[in-house]
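Architecture and fold: a report
Here is what each chain is made of, one letter per residue.
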Amino acid sequence: TFRCAKALQLTLAVIKPDAVAHPLILEALHQKILENKFIIVKSKDIVWQRQDSERFYAEHKGRFFYQRLVEFMSSGPMRAYILAREEAISQWRELMGPTKVFRARYVAPSTIRARFGLTDTRNTTHGSDSEESALREIAFFFPEFSAEEWMERAEPAFR
Ligand code: RTP
Ligand code: MG
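Just so it is clear, the model here is predicted, and its values are computed rather than measured.

Reading guide: rules and limits
Residues numbered from 1 in each chain as written. Chains lettered and ligands numbered in written order. Predicted model: local features only at pLDDT ≥ 70, side-chain atom pairs only at ≥ 80, totals over all residues. Near = placed C-beta within 6 Å. Nonpolar A, V, L, I, M, F, W, Y, C, P; charged D, E, K, R; others polar. Core = buried A, V, L, I, M, F, W, Y, C linked by C-beta atoms within 7 Å. Buried ≥ 20, exposed ≤ 12 C-beta atoms within 10 Å, placed from the backbone. Helix = DSSP H or I, 4+ residues; strand = E, 2+ residues; numbered from the N terminus. Contact = placed C-beta atoms within 7 Å. pLDDT = per-residue confidence, 0-100. Pairing = 2+ DSSP bridges. Axes fitted to C-alpha atoms, helices over the stretch in contact; angles between N-to-C directions. UniProt positions renumbered as here; feature names shortened; annotations may be inferred.

**Focus: the site of ligand 1**
Taken together, the neighbourhood of ligand 1 is formed by F65, L69, T99, D120, T121, N123, H126, G127 and D129. Looking at the shell around ligand 1 residue by residue, the classes come out as two nonpolar, five polar and two charged.

**Observations concerning the nonpolar core**
Counting residues in hydrophobic clusters, the biggest one holds 26 residues, and the most contacted among them are L10, L12, I82, L83, A84, A88 and W92. Secondary-structure elements contributing two or more residues to this core are β1 (9–15), α1 (17–20), β3 (78–85), α5 (88–96), α7 (112–116) and α8 (131–141). Among residues more than four places away in sequence, those in contact with W92 are T11, A13, L83 and G127.

**Overview of the confidence of the model for the protein chain**
On average, the protein chain scores 96 in pLDDT, and the residues at 70 or more come to 96%. The complex model carries a pTM of 0.94, and its ipTM stands at 0.94.

**Some points on the sheet that holds strand β4 (residues 125–127)**
Read across the sheet, four strands follow the order β2-β3-β1-β4 without closing on themselves; strand pairing throughout is antiparallel. Looking along the sheet, the strands with just one partner apiece sit at the ends: β2 (39–46) and β4. Taking each pair of neighbouring strands and ignoring which way they run, the sheet shows an average axis angle of 20°. In this sheet, β3 lies alongside β1 in antiparallel orientation, the contact comprising seven bridges. Bridge pairing in β3 places T11 opposite L83. Sheet contacts for helix α2 (residues 23–35): β1, β2, β3 and β4; angle to β3, the most-contacted strand, approximately 10°. Contacting β1, β3 and β4, α5 runs over the sheet at an angle of about 30° to β1.

**Observations concerning the UniProt feature "domain: Nucleoside diphosphate kinase-like" (unreviewed entry) in the protein chain**
On the UniProt side, "domain: Nucleoside diphosphate kinase-like" (unreviewed entry) is annotated at positions that read residues 8–149 here. Annotated as 47% helix and 18% strand, the span residues 8–149 places its first and last C-alpha atoms 13 Å apart.

**A closer look at the pairing of β3**
Bridge count for β2 against β3 is seven bridges, and the pairing is antiparallel. Bridge pairing in β3 links S43 to Y81.

Shown next, in the form of structure tokens:
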């Protein structure tokens, strides 16, 4: 199986519709990615159908926020990135901050969600939470991309 410990790690980062809708916020988030030593492996703008949203968030089906989450994530364009860095997964999640906006503003006021989040659902960004979900989510957004091949062919150039 595919492992990238000690080397660059891949993650999926998504700028959600609330943030893409605001050009200055989109710009600030893109800048944040570059400033924090992430390599942008791939990126694309995408608009989900409702069923894409339902499929991506299937694990939350039944939660009280599921309907509004599904609706929100298919409400307009998003920008998805495959990012590479050492500790990419935890580093991106740390930059995002806590899911809930009030909590984010209280405990981590300089994070992305604290600065730009509107509500607990419209919270600007997504980031994979484990290596397993990173690979699954990368395949969901970029089905033609081979993580294995990128690690083999491109990753050595950054060592
Ligand atoms: P994510 O999966 O997006 O990286 O965020 P997370 O792990 O921090 O949050 P999770 O609990 O997995 O929730 C997924 C997304 O659902 C929306 N949400 N809304 N109370 C609410 O209204 C609520 N709680 C969660 C957010 O968009 C969250 O990112
Ligand atoms: Mg989550």
